[in-house]
Amino acid sequence: MLTIYPVHAFKDNYIWVIHNQDYAVVVDPGIASPIIEYLTLNKLRLSAILITHHHHDHTDGNAELLKLFDVPVYGPQHEFISTVTHSVKEGDQLNLPEISLHLAILDTPGHTQGHITYYGSDPINLVFCGDTLFSCGCGRIFEGTPQQMYESLQKICRLPDDAFVYCTHEYTLSNIRFARTVDPGNLQLIELERTAQALRNKHIPTIPTTLALEKTVNPFLRCDQQDIVRGAQNYSAKSLLDPVSVFTVLREWKNNF
Ligand SMILES: [Zn+2]
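Residues numbered from 1 in each chain as written. Predicted model: local features only at pLDDT ≥ 70, side-chain atom pairs only at ≥ 80, totals over all residues. Heavy atoms only, no water.

Draft legend 1. Looking closely at the environment of histidine 169. Its location among the elements puts histidine 169 in the loop between strand S13 (164–167) and helix H5 (172–182). Spatially, the C-alpha atoms of histidine 169 and lysine 11 are 9.0 Å apart, while their sequence positions differ by 158 residues. Not counting residues up to four positions away in its chain, the partners in contact with histidine 169 are Asp12, Asn13, Tyr14, Asp57, His58, Asp131, Phe134 and Ile207. At 3.5 Å, the side chain of histidine 169 and the side chain of aspartate 57 are in polar contact. (Helix = DSSP H or I, 4+ residues; strand = E, 2+ residues; numbered from the N terminus. Contact = heavy atoms within 4.5 Å. Polar contact = N/O pair within 3.5 Å; in protein donor to acceptor, adjacent residues only side chain to side chain.)

Draft legend 2. Main features of the coordination of the zinc ion. At this site the zinc ion is bound by His53 (NE2), His55 (ND1), His111 (NE2) and Asp131 (OD), with donor distances of 2.1 to 2.3 Å. Geometry at the zinc ion is irregular, judged from its 4 donor atoms and the angles of 92 to 169 degrees they form at the metal. One chain supplies every donor to the zinc ion, and in sequence these donors are spaced H-x1-H-x55-H-x19-D. Of this pair, histidine 53 sits in the loop between strand S4 (45–50) and helix H2 (56–59) while aspartate 131 sits in the loop between strand S10 (126–130) and strand S11 (133–134), and the two are 78 residues apart along the sequence. (Donors = N, O, S within 2.8 Å, 3.2 Å for Na, K, Ca; no water. Tetrahedral: all angles 85-135°; square planar, octahedral: opposite > 155°, others 65-115°.)

Draft legend 3. Structural view of helix H8 (residues 226–236). Buried within H8 are the following residues: Ile228, Val229, Gly231, Ala232 and Ser236. What you see down the axis of H8 is that its buried residues fit within an arc of 160 degrees, all on one side. Exposed residues lying more than 90 degrees from the buried face of H8 are Gln226 and Asn234. The elements touched by buried residues of H8 are H5 and helix H9 (243–255). Looking one or two residues beyond H8, the residue adopting positive phi is alanine 237, at roughly 55 degrees. (Buried < 20%, exposed > 50% of the residue type's maximum accessible area, 1.4 Å probe, protein only. Arc of directions from axis to C-beta.)

Draft legend 4. Spotlight on the packing of aromatic side chains. Summed over the entire model, instances satisfying the criterion amount to 11 aromatic pairs. Note on tyrosine 5 and tyrosine 38: the rings are 4.5 Å apart at their centroids and 10 degrees apart in plane angle, and the pair reads as stacked. Taken together, the residues tyrosine 5 in strand S1 (residues 3–9) and tyrosine 38 in helix H1 (residues 33–41) connect sequence positions 33 residues apart. Considering the side-chain rings of tyrosine 235 and tryptophan 253, the 4.4 Å spacing of their centres and the 5 degrees angle between planes classify their relative orientation as stacked. Highlighted residues: tyrosine 235 in helix H8 and tryptophan 253 in helix H9, separated in sequence by 18 residues. With a relative accessible area of 11%, tryptophan 253 lands in the buried category. Counting every residue linked through ring pairs, the aromatic cluster contains Tyr150, Phe178, Phe220, Tyr235, Phe247, Trp253 and Phe257. (Phe/Tyr/Trp six-rings, centres within 6.5 Å; stacked < 30°, edge-to-face > 60°.)

Draft legend 5. Summary view of the pairing of strand S3 (residues 23–27). In terms of burial, S3 is largely enclosed, as 4 of its 5 residues are buried. Strand direction decides the pairing type here: strand S2 (residues 13–19) and S3, joined by 4 bridges, are antiparallel. Bridging across to S3, histidine 19 finds its partner in alanine 24. Between S2 and S3, which pair antiparallel in sequence order, lie 3 residues. Relative to S4, S3 is paired through 5 bridges, and the arrangement is parallel. Residue pairing for S4: valine 26 is matched across the bridge by isoleucine 49. (Pairing = 2+ DSSP bridges.)

Draft legend 6. Focus on the packing of H8 against H9. The interhelical angle for the contact between H8 and H9, taken along N-to-C directions, is 60 degrees, at an axis separation of 9 Å. The angle between the axes of H8 and H9 places the two elements in the oblique class. The handedness of the crossing between H8 and H9 is left-handed. Each of Ile228, Val229, Gly231, Ala232, Tyr235 and Ser236 in H8 lies in contact with H9, whose residues at this interface are Val246, Val249, Leu250 and Trp253. Considered class by class, the residues forming the contact of H8 with H9 number 8 nonpolar, 2 polar and no charged. (Axes fitted to C-alpha atoms, helices over the stretch in contact; angles between N-to-C directions. Parallel < 35°, antiparallel > 145°, perpendicular 65-115°, else oblique. Left-handed = near helix turned anticlockwise from the far one by under 90°. Nonpolar A, V, L, I, M, F, W, Y, C, P; charged D, E, K, R; others polar.)

Draft legend 7. Inspection of the sheet that holds strand S7 (residues 93–96) at higher detail. Pairing within the open sheet is mixed, and its 6 strands lie in the order S7-S8-S9-S10-S13-S14. Two strands bound the open sheet, and with one partner strand each, they are S7 and strand S14 (209–210). One ladder, built from 4 bridges, connects S10 with S13; its direction is parallel. Paired with phenylalanine 128 across the bridge in S13 is tyrosine 166. Sheet strands touched by helix H4 (residues 146–157): strand S8 (101–107), strand S9 (116–120) and S10. Its angle to S8, the strand with the most contacts, is close to 150 degrees.

What follows is the structure in structure tokens.
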């Protein structure tokens, strides 16, 4: 039985710890101390580190963890991260025998040039997508193009609908405020805001989300839907003829929201 636990870090990061009774794998440790604390408290041994992209709030804990645990660090082949020991890319498979988990790698560039996503399908569908897909939103485009980011999100969307999405920031409520502005008639968004607010009032994470839910509420995944196209056209005062143009306007709008 696997536990997937969000360790809070910084203002709004989640560092996911995937573990059984003995071993743990950590995703994007931007800082080591709360991870060491969690491992010690639960008598866990670290067996691997997974990195989605090179940003410091996802990698800066590696060096200190490696002083305590001699473990492989998996990370994107197309980015330089000095602590990564095993570079991986789309098509690669990752075996984590200590926690009996098998993961596949997807290239999901856009937020950064080499960003990768880890996907597991046994015993349940899981996606560790870093700063690509967020609940009700998506990552900023720092290094890639809107086209790349759009395609990366679509690639994640082709995974099974019941997949749980473990992103790395608690941005849900502010993303919902933006989504409601774009898509004011979406009743599921209103419902999601209610449930997300109730969770946050008790300091409970709104993550994981699921792909099925995201496909009904996340405007960045719905750029081909009439309501979203209309919202983006009104904002840009242009007619937008394809989903990537709609996506580009939405991302720009969100940057200035
Ligand atoms: Zn990032």
